[in-house]
Amino acid sequence: MQTKNMQLNNIQIKRISLYNEFHCVGAACPVNCCRGWKVPINHDMYLKYLNEKGLFGFLLRCCIHRSGDITAFRSTLHGCPFWGFDRLCRMQKKRGTDYMPTVCIQFPRQLYNLDFFCEETLYLACPEAARLFLVSVFEHKPFAFTVTEGTPEYEVNTTNDDREFLDYLLQSRDALASMLHSGTAFDSLAILDYGRDAQNACLSRTPLPSPLNYISDKRYPMDVDKLNTLFFKGFYHPSLRTVLPFLNQLCQKYIRRIYRLSQLNIAAADRKLAHLKQDLYQKLPSIDELLNRYFEYYLYTNFLDIFEDYSFSKHLLFGIAKTHMLWVFFALYAAHKKHITVEELAKIIAVYERRAPQIEDALPQIQV
């Protein structure tokens, strides 16, 4: 018998091409994963920490905070309390990997068990994962999945058991990715028109459309007014000053150069944004391909979330909004620089990805 919490039989495990290339760079990481978020602790590990003896056990218990059903390490000004001055994990050095919270062991690996099969990808919130992504983009390598069979050691992530709908989503994702490769821009209204019709078809139980039937040269209008909404209603938070200083510097550039100007003259702010993008083209001529591939990678990591909530419109708009705001941060960083390196781009992507999920909070206010 098979349950949603345990896999007893071998199933397909699909692993994206970047996955096997990833190796943690440790202390050399420019934006350590010990900063920028809370580190959750599961119940079994929590009990293990409670029973730890000696001074180390005392320190463990002092660093744990419980709020409702959430148990996590307390954050300090420099991040996780076990992040050492050598930029390495003191817990790992003292007790080994098995003593670390699950999220620390897995990151930046995204392990998605859909019961019928698993997909394993990388979160781009890690600079090394982002660098591998950029290398694939600039060398024009496809994001391909290798398939093996095995028994996953992580739980099922979904409550849906509609295999027919899941197969449709896989075909749809492949079609959208192919469209992006063939030149359809990530912000084409065709993508959003498809999402709207597919979602309506789910609600009305009518035949689902194919993305290949949607063609448009029109772009989704993401002007300064909408960017301000995404920025202030979702993305930005004053705490970035301490938890992600590099990202906060980029945010302050946006506030000074775009937002404040928009409060005086919105048309002038739109012109300023257009000028920044033209300047970015001079330093990064492949920016259009990079943005298309970023949205494509988003499809491989997030599109199957539709299997849980059936919200095509929300997830496709979220990817478009994420991609739009990313190029703005690229442009703000590149201003007054002669060129921008892969390592710099990877750092921007990594810190951006740590806050980008919050953009979803602002989506209802920028619907088409």
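Just so it is clear, the model here is predicted, and its values are computed rather than measured. (Residues numbered from 1 in each chain as written. Predicted model: local features only at pLDDT ≥ 70, side-chain atom pairs only at ≥ 80, totals over all residues. Heavy atoms only, no water.)

**Describing the state of the cysteines**
- According to the stated counting rule, one finds zero disulfides in the structure shown.
- Not engaged in a disulfide, the cysteine cysteine 63 finds its nearest cysteine sulfur in cysteine 62; these two sulfurs lie 6.6 Å apart. (Disulfide = S-S within 2.5 Å.)

**Things to note about the packing of helix H10 (residues 245-264) against helix H11 (residues 266-283)**
- Closest axis-to-axis distance for the H10/H11 pair is 6 Å, and the angle between their directions is 150°. In terms of orientation, H10 and H11 fall into the roughly antiparallel class. Packed against H10, whose contacting residues are Arg257, Ile258, Leu261, Ser262 and Leu264, the element H11 presents Ile266, Ala268, Ala269, Lys272, Leu273 and Leu276 at the interface.
- Residues that form the contact of H10 with H11 fall into these classes: eight nonpolar, one polar and two charged. (Axes fitted to C-alpha atoms, helices over the stretch in contact; angles between N-to-C directions. Helix = DSSP H or I, 4+ residues; strand = E, 2+ residues; numbered from the N terminus. Parallel < 35°, antiparallel > 145°, perpendicular 65-115°, else oblique. Contact = heavy atoms within 4.5 Å. Nonpolar A, V, L, I, M, F, W, Y, C, P; charged D, E, K, R; others polar.)

**Here we look at the packing of helix H12 (residues 287-302) against helix H14 (residues 312-334)**
- For the pair H12 and H14, the least separation of the axes is 10 Å and the interaxial angle reads 145°. Considering only the axes of H12 and H14, their crossing is right-handed. For the pair formed by H12 and H14, the contact residues are Ile287, Leu290, Leu291, Tyr294, Phe295, Tyr298 and Leu299 on the first element and His315, Leu316, Phe318, Gly319, Ile320, Lys322, Thr323, Leu326, Trp327 and Phe330 on the second. (Left-handed = near helix turned anticlockwise from the far one by under 90°.)

**What to know about helix H8 (residues 224-235)**
- Here H8 lies mainly inside the structure; nine of its 12 residues are buried.
- Among the residues of H8, Val224, Lys226, Leu227, Asn228, Thr229, Leu230, Phe231, Gly234 and Phe235 are the ones counted as buried.
- Each element contacted by the buried residues of H8 is listed here: H10, H11, H14 and helix H15 (342-355). (Buried < 20%, exposed > 50% of the residue type's maximum accessible area, 1.4 Å probe, protein only.)

Nothing here speaks to function; it is all geometry.
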